[in-house]
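Next come the chains, spelled out residue by residue.
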Amino acid sequence: MEQWLWPSGGAWLLVAARALLQLLRADLRLGRPLLAALALLAALDWLCQRLLPPLAALALLAAAGWIALSCLARPPRLPVATRTVLITGCDSGFGKEAAKKLDAMGFTVLATVLDLESPGALELRACCSPHLKLLQMDMTKPADISRALEFVKVHTSSTGLWGLVNNAGLNDIVADAELSPVATFRTCMEVNFFGTLQLTKGLLPLLRRSRGRIVTLGSPAGDMPFPCLGAYGTSKAAMVLLMDIFSSELLPWGIKVSVIQPGCFKTGEVNNLNCWERSKQLLLANLPQELLQAYGEDYIEHIYRQFLHSLSLAVPDLSPVVDDIVDALLATQPQHRYYPGRGVGLMYFIHYCLPRSLRRRFLQAFFINPCVPRALRRGKPGPTPAQDEARAADPNPGPSPAVAE
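Being a predicted model, the structure only gives us computed values, none of them experimental.

Participant: An account of the packing of aromatic side chains is needed here, citing residue identities and associated values.
Facilitator: For the structure on display, the rule yields eight aromatic pairs. Here Phe-307 and Phe-367 contribute two aromatic rings whose centre-to-centre distance is 6.1 Å and whose plane-to-plane angle is 90°, an arrangement assigned as edge-to-face. Taken as a pair, Phe-307 in helix H12 (residues 297-311) and Phe-367 in the loop between helix H15 (356-366) and helix H16 (385-392) lie far apart in primary sequence, 60 residues in all. In textbook terms, an aromatic cluster arises when at least three aromatic residues are bridged by ring pairs, as seen for Phe-226, Trp-276, Phe-307 and Phe-367. The positively charged end of Arg-208 is found above the aromatic ring belonging to Trp-253, 4.7 Å away from the centroid.

Structural data, given as structure tokens:
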């Protein structure tokens, strides 16, 4: 009777050589995902040697290796060549880092800033190539956007426009929707939605001609009801829905649209504690007396204390978001959605798969858990401002979407 034999050392050497060649061709990045995949494959190999016939084991290992390489390999990318990209909101944060990265890769970068003399603008002038062009633009001013459109047309007459990165965004208040002035909702919509709409529509003729890319920075706050981010979240929700509409309508023109939904990263505004203190004082100074009596000043203090604690856990390394911007611009088949950041995958799993009550508790536990308003405190259980000190000492991180790009 013929006996099944496990491949000899020479056969294993041939298999290993072919696997190494495939790894080299796959353009894999060394990191924890690759190391974890190799460890799992080694464990699977150990099990196969003991449980399966050799041919079945080889087939299973080959299939598992192919799946792992397909998931971990960087997708094919287009050459940079002479591509030109417009990035908004480059004073700080994702916009500034993306401008530096794309300039170093050889792109012609058109970078808009709110202030041409801001530290971020000066840094871009100092460290980037002469190919990077700075332009002042305020997303709340249609005249600025119209001027930017003419600027782009002039500077892309020979090369065309390959990509638009809608990064500019605003979040300047943290409060319940009832406490947030209507003017704040309008301001967020002007920057995060209407400004983005006007700029994108104005550039579509150039993007249709190049069959290019639109990359937009969204926020998880636009997908789920984060406490006290009503103005920011609703504007981001409107913007992301607009991008989904563009994605469908522009498909026949060959334009690919991607939305990046980052977790909490240390961007410029996140680090500006004085800005958040001014925001709180402005809210308290302008709050109607009836609302201030109903909620209480300590209620607002409690909200901002928890918010700042959440921001203290923000990730300082912005490269995951920048890498996704690059991939969305150059991948032959870019993803429709990108979710960079710690805990973002878990956050979306909870949001889409668990009951509403658990989703609400999760957002309160890892972001802001408002205390009971002053008018409801008598005989009512719930977190109080005194309990906030204990929570502030909690070292467990949680994702936060309150990012002003």
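Participant: Describe in detail the pairing of strand S5 (residues 213-217), supporting the description with residues and values.
Facilitator: Within S5, five of the five residues are buried, leaving the element largely enclosed by the surrounding structure. Of the two faces of S5, the one carrying Arg-213, Val-215 and Leu-217 and the one carrying Ile-214 and Thr-216 are both buried. Inspection of the sheet shows strand S4 (residues 163-166) paired to S5 by four bridges, in the parallel sense. Within S5, the residue paired with Leu-164 across the bridge is Ile-214. Following the chain from S4 across helix H7 (residues 182-210) to the adjacent parallel S5, one finds a crossover that is right-handed. Direction of pairing for S5 relative to strand S6 (residues 256-260): parallel, over a ladder of five bridges. Directly across from Ile-214, in S6, lies its bridge partner Val-257. Where the polypeptide runs from S5 across helix H8 (residues 230-249) and back to S6, its parallel neighbour, the crossover connection is right-handed.

Participant: Now, about unusual backbone geometry: what can you tell me, with residues and values included?
Facilitator: Across residues other than glycine, the phi torsion is negative in most instances, and most of the peptide bonds are trans. Phi is positive for Ala-81, close to 50°, though the residue is something other than glycine. By secondary structure assignment, the location of Ala-81 is in the loop between helix H3 (54-72) and strand S1 (84-87). Classification of Ala-81 as exposed rests on a relative accessible area of 59%.

Participant: Requested: an account of the packing of H7 against H8, with residues and values cited.
Facilitator: The geometry of H7 relative to H8 is characterised by a closest axis approach of 7 Å and an angle of 20° between their N-to-C directions. By the criterion of interaxial angle, the relationship of H7 to H8 is roughly parallel. Considering how the two elements wind past one another, H7 and H8 form a crossing that is right-handed. Together, Thr-184, Phe-185, Cys-188, Met-189, Asn-192, Phe-193, Thr-196, Leu-197, Thr-200, Lys-201 and Leu-204 of H7 and Gly-230, Ala-231, Tyr-232, Thr-234, Ser-235, Lys-236, Ala-238, Met-239, Leu-242, Met-243 and Phe-246 of H8 make up the contact between the two elements.

Participant: Describe in detail the state of the cysteines, supporting the description with residues and values.
Facilitator: Throughout the structure, instances matching the rule amount to zero disulfides. As a non-bridged cysteine, Cys-127 has Cys-128 as the owner of its nearest cysteine sulfur, 3.9 Å distant. Since its relative accessible area comes to 46%, Cys-127 is described here as partly exposed.

Participant: So, the environment of Gly-163: which residues are in play, and what are the values?
Facilitator: Along the chain, the position of Gly-163 falls in strand S4. In this structure Gly-163 comes out as buried when scored by relative accessible area, which is 0%. Placed 92 residues apart in sequence, Gly-163 and Ile-255 show a C-alpha to C-alpha distance of 9.5 Å. Ignoring sequence-local partners within four residues, the contact set of Gly-163 consists of Thr-84, Val-85, Leu-86, Leu-207, Arg-213 and Leu-329.

Participant: So, the sheet that holds strand S2 (residues 108-113): which residues are in play, and what are the values?
Facilitator: As summarised here, the arrangement of the seven strands in space is S3-S2-S1-S4-S5-S6-S7, forming an open sheet in which the pairing is parallel. If you trace the sheet from one side to the other, it starts and ends with strand S3 (133-136) and strand S7 (337-338), each paired once. With three bridges connecting them, S1 and S4 associate as parallel partners. Within S4, the position partnered with Leu-86 by the bridge is Leu-164. Seen against the sheet, helix H6 (residues 142-155) touches S1, S2 and S3 and runs at an angle of roughly 160° to S3.

Participant: Which residues make up helix H14 (residues 344-353), and what values do they have?
Facilitator: Turning to H14, its buried residues number three or more, namely Val-344, Met-347, Tyr-348, Ile-350 and His-351. One face of H14 carries all of its buried residues, which in axial projection span an arc of 160°. Close packing links the buried residues of H14 with H15.

Parameters at a glance
- Residues numbered from 1 in each chain as written.
- Predicted model: local features only at pLDDT ≥ 70, side-chain atom pairs only at ≥ 80, totals over all residues.
- Heavy atoms only, no water.
- Phe/Tyr/Trp six-rings, centres within 6.5 Å; stacked < 30°, edge-to-face > 60°.
- Helix = DSSP H or I, 4+ residues; strand = E, 2+ residues; numbered from the N terminus.
- Lys NZ or Arg CZ within 6 Å of the ring centre and 35° of its normal.
- Buried < 20%, exposed > 50% of the residue type's maximum accessible area, 1.4 Å probe, protein only.
- Pairing = 2+ DSSP bridges.
- Right-handed = clockwise from strand over helix to strand, strands pointing away.
- Axes fitted to C-alpha atoms, helices over the stretch in contact; angles between N-to-C directions.
- Parallel < 35°, antiparallel > 145°, perpendicular 65-115°, else oblique.
- Left-handed = near helix turned anticlockwise from the far one by under 90°.
- Contact = heavy atoms within 4.5 Å.
- Disulfide = S-S within 2.5 Å.
- Arc of directions from axis to C-beta.

These figures capture arrangement, not role.
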